[in-house]
Amino acid sequence: MEDSANKVLQAFEEAQKTLEKGDLEQAKILFESLDYENLEEIEPDDALAARVLALQLCILQERYADALYHADAALDLAEHEPLVHHLAGQAMWAQSHYRTAAEMLVYAAELLEGIHEDIPPFSFEVDRSQVFYMAAEACRNFDQESAAERFYQLALEHTHEMSGAESNLT
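Residues numbered from 1 in each chain as written. Predicted model: local features only at pLDDT ≥ 70, side-chain atom pairs only at ≥ 80, totals over all residues. Heavy atoms only, no water.

## Digging into a negative patch on the surface
Judged by side-chain charge, Asp-35, Glu-37, Glu-40, Glu-41, Asp-72 and Asp-76 come together as a negatively charged surface patch. Looking at the negative patch, the elements that each hand over two or more residues are helix H3 (36-42) and helix H5 (64-77). Sort the elements by how many residues they give to the negative patch and H3 lands first, with three residues. Residue placement: Glu-40 occurs in helix H3. (Patch = residues over 30% accessible without salt bridge, like charges linked within 9 Å, V, L, I, M, F, W, Y side chains within 5 Å. Areas by Shrake-Rupley, 256 points an atom, 1.4 Å probe, with all protein chains shown as cover. Salt bridge = Lys/Arg side-chain N within 4 Å of Asp/Glu carboxyl O. Lys, Arg positive; Asp, Glu negative; His and termini not counted. Charge placed at Lys NZ, Arg CZ, Asp CG, Glu CD. Helix = DSSP H or I, 4+ residues; strand = E, 2+ residues; numbered from the N terminus.)

## Here's the deal with the nonpolar core
One recurring pattern in soluble globular proteins is that nonpolar side chains are buried together. Ranked by size, the top nonpolar core spans 34 residues in total, and within it Leu-55, Val-84, Phe-132 and Phe-151 carry the most contacts. Those elements that place two or more of their residues in this core are helix H4 (44-60), H5, helix H6 (82-94), helix H7 (98-113), helix H8 (128-141) and helix H9 (145-163). Sequence-distant contacts of Val-84, that is, excluding residues within four places in its chain, are made with Val-52, Leu-55, Ala-71, Ala-74 and Leu-75. Grouped together as the second largest cluster of nonpolar side chains are 16 residues, Val-8, Leu-30, Ala-47 and Ala-49 included. (Core = buried A, V, L, I, M, F, W, Y, C linked by side-chain atoms within 4.5 Å. Buried < 20%, exposed > 50% of the residue type's maximum accessible area, 1.4 Å probe, protein only. Contact = heavy atoms within 4.5 Å.)

## Points about the confidence of the model for the protein
Per-residue confidence for the protein gives a mean pLDDT of 93, with 94% of residues at or over 70. Across residues 165-170 the pLDDT falls below 50, and counting only partners more than four positions away or on other chains, this stretch makes eight contacts in the model. (pLDDT = per-residue confidence, 0-100.)

## Things to note about the packing of aromatic side chains
A ring pair, where both rings are aromatic, is described by two values, the distance of the centres and the angle of the planes. Inspection of every chain in the model, using the stated rule, returns three aromatic pairs. Consider the rings of Phe-132 and Phe-151, whose centres lie 6.3 Å apart with planes at 15 degrees: the pair is stacked. Of this pair, Phe-132 sits in helix H8 while Phe-151 sits in helix H9; the two residues are 19 residues apart in sequence, bridging distant segments of the chain. Against the face of Phe-151 rests Arg-150, its NZ or CZ located 4.4 Å from the ring centre. (Phe/Tyr/Trp six-rings, centres within 6.5 Å; stacked < 30°, edge-to-face > 60°. Lys NZ or Arg CZ within 6 Å of the ring centre and 35° of its normal.)

Dropping the structure here:
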């Protein structure tokens, strides 16, 4: 049993390192052959990380149906993770599922905004300015101008934070 667990963990580590090196095709092969169910039993946090990395890889390779498969599995592990909702929204948008994509993009932004109660801490860092900007764009596409304006403002504020500039915006 321990040998099997080590093999699964090593396979995830190899897939992760291959992705970090930028070998996307080999990373695809490794992530596709990963035993996610076994990984989840052994290390749930690693299973979530593996799903998120596979999701990001699928989006990079424009394999949106596969991306949504990994997003669904990741949401089963962490249903309130902003990064997963944000990435799933991108994949849905690319597949022309605009309404559902907009809902996911907005929900990711709302999670970051902190308007939902009793949400566990987030597991992954996310570019807040990008999440807020994409939520604003989604709102704008559905004529939700006040929500779009709020998210554009948040995106701008977080852009200034990232650049180290102090915001004088009200």
